[in-house]
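Close look at the chain arrangement
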Amino acid sequence: MSLQPVTIEGQVFLAISVVLPKTNLLVVTNDNGYIMCGALDVALLNEKLADRKVIAGRAVGVKTIDQLLDAPLESVTYEAENLGINRGMIGREALLKMV
């Protein structure tokens, strides 16, 4: 597992990478929300955990933190949409809306 700061336009986020058998778990987060690799279940957050109002986005097919930052988001939570974060938005752009 590795933790490292990532700075985007002067804003600091925490990048978390967990190496698992046959896959990697990738997350970039701040105090308000996060983007994550394909392991994120956006439907679960929107439907079963809606009361938690999680701000999150999911990018698929990424294998590194850099790829996660540069990938378009495949899906986002309703709370993320409320902040102007939409499907297709690049990860780093979405993170800046979470500040």
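Below or above, wherever it landed, is the structure these notes cover. Since this is a predicted model, take the numbers as computed values, not measurements.

1. Comments concerning the pairing of strand S2 (residues 11-20)
For a regular strand, the rule is simple: side chains alternate between the two faces of the sheet. Relative to S2, strand S1 (residues 2-8) runs antiparallel, the two sharing 7 bridges. Counted as the bridge partner of Leu3 is Ile16 from S2. Where S1 hands over to S2, the hairpin turn is made up of 2 residues, of which Glu9 adopts a positive phi near 45°. Across 7 bridges, the pairing between S2 and strand S3 (residues 23-29) is antiparallel. Bridging across to S3, Val18 finds its partner in Leu25. Linking S2 back to S3 in an antiparallel pair, the connection comprises 2 residues, with Lys22 at a positive phi of about 65°.

Rules behind the numbers
- Residues numbered from 1 in each chain as written.
- Predicted model: local features only at pLDDT ≥ 70, side-chain atom pairs only at ≥ 80, totals over all residues.
- Heavy atoms only, no water.
- Pairing = 2+ DSSP bridges.
- Helix = DSSP H or I, 4+ residues; strand = E, 2+ residues; numbered from the N terminus.

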